[in-house]
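Residues per chain, in single letters:
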Amino acid sequence: MAEMREITFREAVNEALREEMRRDPRILILGEDILPGGGVFGVHGGLDEEFPGRLLQTPIAEAGFVGMGVGAALAGGPVICEVMFADFMTVCMDEIINQAAKFRYMSGGQASVPLIVRAPCGMGRGVGAQHTQSFEALFAHIPGLKVAIPGTPAAAKGLLKSALRGDDPVVFLEYKGLYAMRGPVSDDPELLAEFGRGSVERPGRDVTLVASGTMLHKGLEVAAELAADGVDIEVIDPRCAAPIDHELILASVERTTRLVVADESVLECSLASEIAATVAERGFYSLDAPVRRVASPRMPKPFSPKLEPASLPQKADIAAAIREVLA
Amino acid sequence: MTTASGDNAARALHLDLYRMMTRIRAFEEAALYESGRGNVYGPLHACIGQEAIPAGLAPLLRPTDYVTSTHRGHGHALAKGADPQGMMAELFGRADGICRGKGGSQHIADFSVGMLGANGIVGAGYGIAAGAALRIRQAGRDDVSVVFFGDGAMARGTLHEVANICVLWKLPVLFVCEHNGFAQWVPSSENLCTDAVAGLMAGYGMPSRQVDGTDALAMHGCAAGFIADMRAGGGPAFIDARANRFHGHNSMDAQAYRSRDDVSRLRAEADPLALFRAATAAAGVLAAADMDPLDAAAEAEMRAAAEAALAGPWPDPADAWEDILAPRKAHAHG
Ligand SMILES: Cc1ncc(C[n+]2csc(CCOP(=O)(O)OP(=O)(O)O)c2C)c(N)n1
Ligand SMILES: [Mg+2]
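As the structure is a computational prediction, the values presented were derived from the model and not from experiment.

(A) Quick look at the overall build of chain A. Scanning chain A for helices and strands turns up eleven helices and 14 strands. For chain A, the C-alpha radius of gyration of 19 Å lies close to 20 Å, the compact-globule estimate for 327 residues. Taking the principal axes of the C-alpha coordinates as reference, chain A spans close to 60 × 45 × 45 Å. A total of 327 residues make up chain A; the buried ones form 64% of that total. Put simply, of all contacts in chain A between residues at least 6 apart along the chain, 83% involve residues at least 24 apart. Summing over all exposed atoms, chain A offers an accessible surface of approximately 11,900 Å²; the carbon and sulfur share of this is 55%. In chain A, 32 side chains carry a positive charge and 45 a negative one; their mean positions are 1 Å apart.

Below is the structure:
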């Protein structure tokens, strides 16, 4: 009998890797500093002991080892490349965008590239502009890629398992701020989460709040606070930036007639922008107020603790946007 | 060896080498001809002058070995066993092309024979070949992975990243540099800090040799040693194969950077087919009467491939929407 437990996001990722590596002996993991401790964010804990020889600690060579991930995936079976920080994916963009994302297409369907590039992303503390970026929109722009941005431990586990059973390249972005967060997760090894399916994390009638990554949790807190004022907010985790679950969002907006979209990446050309544009295009007549987007301002992430907050959407920004669409 | 069976084996090898060279030449000439007639869509990078490099390796490779290639990839594909008619149809953008008209010349691939694709990105093949080699070793197979690349591609940082890992992890990757002296129209001397690239790669700790890449037998001999070592568990090796391209960088290159005389001289002095014919005749292994029919057969094969490709169907515009992602599978979902 499957059981629900409260586990952390980090444990959920670890569980997904462990269950799938047990199931599929072809799965390999490549990454920097993943041995012996399990990586900078510790998600590989205990895996090397259970699966000796299948975790390969690479030199500092993202273009090299992600390129090898493409080759090993093409030559048969899923490969996970951990890029230590999403920011470092900029040095293996060819491998992800021109190679992994294109091979199935360019070969007329001959090739499959089950390559999962996992990377911690988003705001840290005191790490400045090169260890804090959110790239979901960047990768979501590329046909041939799937992009996961799970907001909960359950989404992380289910989507990573799906990625490992699928035949497509996946960019799997894990918001650093979520690793220690707990949530209910099933121990059923056959429970997967479908790519392109969002989830309603809190049902509500008055406003739809689509919030990804860390914004999901800020949004849930705002929803709890505003409930005291009698505002009933529906909070949706889109879970994936590609494909986006537009149907779920449009159906919700049809009921609530108001939409706020919050994500951590820079506002211009963001996931929030894409969702807002789609609702404007396909759900315009459901709307009783203009759509509001809440996202990071167009600036690199600054260093000082006095500057950091200005670079990131806060709960107050989400609350203000909600009040605005209700006004 | 002077035994009758040794003579027969040598004769068979010579025939194989020459047959592959003349097939590659005939394919490229047919493709260039069709390009001139407007039947090939987009630019074409012919490897005429460099045929001995893939041909030298062809008899050494199994379908379960892997090859990654470049923008100049037709010879590599043929050497790995790809079907020329499917290739020609691909150049024409037809639905029966080897990649269903989705790839074209620069992305020719035949996964059924381990040909992991020509590539439009210079220097992208290193990692892919090394990853395939990693798979080989993880599975306990004795196959090898060959990465073909140009001298221009030696300027890419991916070479360093991958060469370092291949040596560290002892991966069975044969690096084959097709050193033709140009990257588009930039001479190697303006692109690389050294001409002695085998020395450069020896610095990584991999066996590295410069070979006359117009000599199919020399290519074969050198690669045979390296590949045998890899099948026995050895690590990577590097071949600096010197040859020339007789045509422009591609079918749109007017070659303002070199004279007609330069090219005529190369054709007279460094044609791998002519050199092979002369050498094998002098050694008394093959005679013109052995090779002329191979030329005729290759020409007929490639003409037929072009005719068939011309008669092939065009893709339906709706096909553009296929092969972007894998077909959906049924799963249990939460
Ligand atoms: C990363 C990248 N940069 C530039 C190009 C444009 N380009 C295509 S082929 C080529 C020259 C390559 O020279 P070389 O590697 O020596 O191969 P050759 O054409 O001589 O066979 C260049 C610069 C490219 N395709 N990819
Ligand atoms: Mg060159």
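(B) Broad picture of the sheet that holds strand E10 (residues 207-211) of chain A. Residues and elements named next belong to chain A. Ordered by their spatial adjacency, five strands build an open sheet running E9-E11-E10-E13-E14, and the pairing between neighbours is mixed. Among the strands making up the open sheet, the edge pair consists of strand E9 (199-202) and strand E14 (292-296). Strand-to-strand twist in this sheet, taken as the mean axis angle between neighbours without regard to direction, amounts to 25°. Here E9 runs beside strand E11 (residues 233-237); their pairing, made up of three bridges, is antiparallel. Along E11, the bridge assignment pairs Ser199 with Asp237. Its contacts with the sheet place helix H10 (residues 271-282) against E10, strand E13 (259-266) and E14, and it is angled at close to 155° to E13.

(C) Just the interface of chain A and chain B, in detail. Between chain A and chain B, the contact holds 50 residues from the first and 44 residues from the second. Note on chain A versus chain B: buried area summed over both sides is about 3,700 Å², and carbon and sulfur give 62% of it. Inspection of the region where chain A meets chain B yields one salt bridge. We note a salt bridge from Glu194 of chain A to Arg328 of chain B, for which the minimum N-O separation is 2.4 Å. Counting across the interface, chain A meets chain B through 18 residue pairs in polar contact (both at pLDDT 80 or more). Elements represented by at least two residues in the side of chain A that touches chain B include exactly strand E2 (28-31), strand E3 (55-57), helix H3 (62-74), helix H4 (93-100) and helix H5 (103-106) of chain A.

(D) Just the packing of aromatic side chains, in detail. With the rule as written, the count across this model stands at 13 aromatic pairs over all chains. Seen from their ring centres, Phe135 of chain A and Phe139 of chain A are 6.5 Å apart, and the 75° between their planes marks the pair as edge-to-face. For the pair formed by Phe135 of chain A and Phe139 of chain A, the shared burial category is buried. Members of the aromatic cluster, connected to one another through ring pairs, are Phe9, Phe41, Phe85, Phe88 and Tyr179 of chain A. In this structure, Arg94 of chain B is placed above the aromatic ring of Trp314 of chain B, and the distance from its NZ or CZ to the ring centre is 3.8 Å. Over the face of the ring belonging to Tyr105 of chain A we find Lys102 of chain B, whose NZ or CZ atom lies 4.7 Å from the ring centre.

(E) Up close: the pattern of salt bridges. In this structure the tally under the stated criterion is 45 salt bridges over all chains. Across the salt bridge formed by Arg277 of chain B and Asp292 of chain B, the nearest N and O atoms sit 2.5 Å from each other. Here Asp292 of chain B lies in helix H11 (residues 288-311) and Arg277 of chain B lies in helix H10 (residues 272-282), a separation of 15 residues in the sequence. Among the ionic contacts, a cluster of salt bridges with common partners joins Arg5, Glu15, Glu19, Glu20, Arg23, Lys157, Lys161, Arg165 and Glu190 of chain A.

(F) Spotlight on the coordination of the magnesium ion (ligand 2). Residues and elements named next belong to chain B. The protein atoms that coordinate the magnesium ion (ligand 2) are Asp151 (OD), Asn180 (OD1) and Phe182 (O), at distances of 2.0 to 2.1 Å. The sequence pattern formed by the donor residues of the magnesium ion (ligand 2) is D-x28-N-x1-F. Here Asp151, found in the loop between strand E2 (145-150) and helix H6 (157-169), pairs with Asn180, found in the loop between strand E3 (173-179) and strand E4 (182-183); they are 29 residues apart in sequence, far enough to count as distant. Assessed through its relative accessible area of 9%, Asn180 is described here as buried.

(G) Looking closely at the site of ligand 1. All names here are of chain B. Near ligand 1, the surroundings consist of 15 residues, among which His71, Arg72, Asp151, Gly152 and Asn180 are the closest. In the environment of ligand 1, an oxygen atom lies 2.7 Å from a nitrogen or oxygen atom belonging to the side chain of Arg72. Measuring from a nitrogen atom of ligand 1, one finds a backbone N or O atom of Gly120 at 2.9 Å. Contact with the protein chains covers 74% of the free accessible surface of ligand 1, which is 580 Å². Split by residue class, the shell around ligand 1 holds five nonpolar, seven polar and three charged.

(H) Quick peek at the sheet that holds E3 of chain A. Residue and element names in this part refer to chain A. With mixed pairing, seven strands are arranged side by side in an open sheet as E3-E2-E4-E5-E7-E6-E12. The open sheet is flanked by E3 and strand E12 (240-242), the only strands paired with a single partner. Along the sheet, successive strands turn relative to each other by an average axial angle of 20°, direction set aside. In the sheet, strand E6 (residues 146-148) pairs with E12 via two bridges, with the strands oriented antiparallel. The residue bridging Val147 from the neighbouring strand is Ala242, located in E12.

Calculation notes
- Residues numbered from 1 in each chain as written.
- Chains lettered and ligands numbered in written order.
- Predicted model: local features only at pLDDT ≥ 70, side-chain atom pairs only at ≥ 80, totals over all residues.
- Heavy atoms only, no water.
- Helix = DSSP H or I, 4+ residues; strand = E, 2+ residues; numbered from the N terminus.
- Rg over C-alpha atoms; globule rule 2.2 N^0.38 Å.
- Buried < 20%, exposed > 50% of the residue type's maximum accessible area, 1.4 Å probe, protein only.
- Contact = heavy atoms within 4.5 Å.
- Areas by Shrake-Rupley, 256 points an atom, 1.4 Å probe, with all protein chains shown as cover.
- Lys, Arg positive; Asp, Glu negative; His and termini not counted.
- Charge placed at Lys NZ, Arg CZ, Asp CG, Glu CD.
- Pairing = 2+ DSSP bridges.
- Axes fitted to C-alpha atoms, helices over the stretch in contact; angles between N-to-C directions.
- Buried area = accessible area lost by both parts, 1.4 Å probe.
- Salt bridge = Lys/Arg side-chain N within 4 Å of Asp/Glu carboxyl O.
- Polar contact = N/O pair within 3.5 Å; in protein donor to acceptor, adjacent residues only side chain to side chain.
- Phe/Tyr/Trp six-rings, centres within 6.5 Å; stacked < 30°, edge-to-face > 60°.
- Lys NZ or Arg CZ within 6 Å of the ring centre and 35° of its normal.
- Donors = N, O, S within 2.8 Å, 3.2 Å for Na, K, Ca; no water.
- Near = heavy atom within 4 Å.
- Nonpolar A, V, L, I, M, F, W, Y, C, P; charged D, E, K, R; others polar.

Bear in mind that shape data such as this cannot, by itself, settle questions of function.
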